[in-house]
Amino acid sequence: MTTIVIPQDASRPGEAAGYDVEAIRADFPILSREVNGHPLVYLDSANTSHKPRQVLDVLREHYERHNGNVSRSVHTLGTEATEAYEGARAKIAAFIHASSPDEVVFTKNSTEAINLVAYAFSNASASPSGDPRFRLGPGDEVVVSEMEHHSNLVPWQLLCERTGATLRWFRITDDGRLDESDLLELVTERTKLVALVHMSNVLGTINDVSRIRQRVREVGALLLLDCSQSVPHLPVDVQELGADFIAFTGHKMCGPTGIGVLWGRAELLAAMPPVLGGGSMIETVEMAGSTFAPPPARFEAGTPPIAEAVALGAAVDYLSAIGMAAIQRHEKELTAYALDALATVPGLRIYGPTTPQGRGGTISFALDGVHPHDVGQVLDAQGVEVRVGHHCARPVCVRYGVPAMTRASFYLYTTTEEIDALVRGLEMARKVFS
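Remember, it's a predicted structure, so these values are computed and weren't measured experimentally.

1. Regarding the nonpolar core
Here comes step 1: Ranked by size, the top nonpolar core spans 78 residues in total, and within it Phe106, Phe170, Leu225, Ile246, Met253, Leu319 and Leu412 carry the most contacts.
Here comes step 2: A total of ten residues in this core trace back to one element, the largest contributor, which is helix H10 (residues 306–322).
Here comes step 3: Counting 30 residues, the second largest nonpolar core, distinct from the first, contains Ala113, Trp156, Leu222 and Met272.

Structural data, given as structure tokens:
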């Protein structure tokens with residue numbers, strides 16, 4: 001891979017010194033296209049990121065030269081595919097500082113990763129021999145927050161319905177932070193699991209979970225973090241986070257769709273019952289019953305997303321070559337620039353933290369008197385791509401009393417010129433609907 005980070009002085013405010021954003025942009029073919037006669041301004045990376053040539057080339061080469069099923073064949077193609085698949089697992093384990101590649105379970109996205117844990121709880125609760133850490137029933141509690149993406153809310157609602165457990169939640173402060181004022185009352189000896197977002201996909205808030213983690217340990221519960229928005233944007237070390245499980249997805253971190261990751265502590269994965277039954281997750285099979293493979297194979301029934309996993313490994317290589325700390329610095333400067341620029345737009349309200357401290361490059365807002373869908377259409381006509389709606393986190397919109405929000409989100413390839421284009425588009429929207 002060619003060197004991405006070139007030492008140089010920042011050319012504009014909001015562009016970190018030593019970070020060559022134009023060299024990075026040159027790796028992403030889609031960024032050269034036009035939309036509605038204008039240069040593409042892509043500000044929807046919290047939804048899905050674009051893919052560099054280095055990842056696209058690996059995906060294509062795998063299918064052209066190494067296509068075979070994994071963990072099944074002794075022939076050359078099968079061996080090459082297995083080595084590439086397990087090699088990707090090792091890369092991802094190193095990327096998040098896992099103790100072993102065996103702690104990395106491939107799924108198809110964060111949603112499946114979180115559901116895997118939820119259904120493991122459900123299966124353990126239905127079995128007399130289920131590990132008590134995963135058994136739920138009436139009187140037990142699961143704690144989430146109002147800040148969650150639906151993928152870290154609905155599975156726990158369903159789990160509580162199945163088991164009779166009670167769902168409780170942290171609320172959000174007016175400035176978009178997690179309200180921990182009732183931590184001791186929310187997380188108690190009845191709590192079996194706390195499941196929280198690490199970085200909000202709507203508010204951009206990065207949650208410092210240290211106090212919550214300490215309380216979780218005091219009461220003997222488990223902690224799961226939805227890291228879908230944090231792993232792509234900042235250095236994540238699972239040893240430092242101190243969670244029991246994290247979930248993230250490949251398509252938000254320069255990888256392909258259809259591949260995600262559940263990381264779990266080895267001894268917890270070993271205690272979890274299987275969720276899907278079928279090929280490759282078994283140890284022995286008799287007509288009267290089966291025994292199951294150790295993790296991670298236990299949770300990867302059937303033919304997995306092989307090429308997607310290999311390409312996610314290439315995405316990890318790409319991000320690592322740039323450096324996650326450098327990406328985080330770039331996005332923090334962009335966020336500061338954007339917050340200042342958006343403050344110049346009359347009638348614009350930002351939801352979430354209004355300073356770059358403790359937040360990432362995702363900014364949701366409303367323009368007085370203009371519906372977010374109209375804002376999105378005006379921006380799209382200018383080639384500016386944002387997301388509008390409730391962003392699969394409707395309780396956040398309910399908390400702030402709005403039906404929807406407009407969201408701009410940045411990534412390693414975003415420039416200050418693109419933020420300027422966003423501001424011009426918002427000013428146009430004000431004129432169109434005034």
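2. Looking at the confidence of the model for the protein
Here comes step 1: This prediction gives the protein a mean pLDDT of 95; 96% of its residues lie at or above 70.
Here comes step 2: Here residues 1–11 is modelled with pLDDT under 50, and outside its nearest four sequence neighbours on either side it reaches 25 contacts, counting other chains as well.

3. Considering the packing of helix H12 (residues 372–381) against helix H14 (residues 416–432)
Here comes step 1: The interhelical angle for the contact between H12 and H14, taken along N-to-C directions, is 120°, at an axis separation of 9 Å. Our classification of the angle between H12 and H14 gives oblique. Crossing of H12 over H14 shows right-handed handedness. Where H12 approaches H14, its residues Val375, Val378 and Leu379 are matched on the opposing element by Leu422, Gly425, Leu426, Met428 and Ala429.

4. Quick notes on the side chain of serine 228
Here comes step 1: With respect to the helices, strands and loops of the structure, serine 228 is situated in the loop between strand E9 (222–226) and helix H8 (238–241).
Here comes step 2: Within the structure, serine 228 has its side chain in polar contact with the side chain of serine 110 (distance 2.7 Å).
Here comes step 3: Side chain to side chain, serine 228 and aspartate 226 meet in a polar contact 2.6 Å long.
Here comes step 4: Here serine 228 is in contact with Ser110, Ala247, Phe248 and Lys252, once residues within four sequence places are set aside.

5. Re the pairing of strand E15 (residues 362–367)
Two faces, one strand: in a regular strand the side chains alternate between the faces of the sheet.
Here comes step 1: Of all six residues that make up E15, six are buried, and the element is covered over most of its length.
Here comes step 2: With burial as the criterion, each face of E15 is covered, one bearing Thr362, Ser364 and Ala366 and the other bearing Ile363, Phe365 and Leu367.
Here comes step 3: Here four bridges tie strand E14 (residues 348–351) to E15, and the two strands are oriented antiparallel to one another. Across the sheet, the residue bridging to arginine 349 is alanine 366, located in E15.

6. Re the environment of glutamate 300
Here comes step 1: Structurally, the position occupied by glutamate 300 is in the loop between strand E13 (289–292) and H10.
Here comes step 2: Since its relative accessible area comes to 10%, glutamate 300 is described here as buried.
Here comes step 3: The sequence separation of glutamate 300 and serine 230 amounts to 70 residues, and the corresponding C-alpha distance is 24 Å.
Here comes step 4: Within the structure, the side chain of glutamate 300 is placed 2.9 Å from the side chain of tyrosine 85, a separation counted as a polar contact.
Here comes step 5: Within the structure, the side chain of glutamate 300 is placed 2.8 Å from the side chain of arginine 89, a separation counted as a polar contact.

Conventions used here
Residues numbered from 1 in each chain as written. Predicted model: local features only at pLDDT ≥ 70, side-chain atom pairs only at ≥ 80, totals over all residues. Heavy atoms only, no water. Core = buried A, V, L, I, M, F, W, Y, C linked by side-chain atoms within 4.5 Å. Buried < 20%, exposed > 50% of the residue type's maximum accessible area, 1.4 Å probe, protein only. Helix = DSSP H or I, 4+ residues; strand = E, 2+ residues; numbered from the N terminus. pLDDT = per-residue confidence, 0-100. Contact = heavy atoms within 4.5 Å. Axes fitted to C-alpha atoms, helices over the stretch in contact; angles between N-to-C directions. Parallel < 35°, antiparallel > 145°, perpendicular 65-115°, else oblique. Left-handed = near helix turned anticlockwise from the far one by under 90°. Polar contact = N/O pair within 3.5 Å; in protein donor to acceptor, adjacent residues only side chain to side chain. Pairing = 2+ DSSP bridges.

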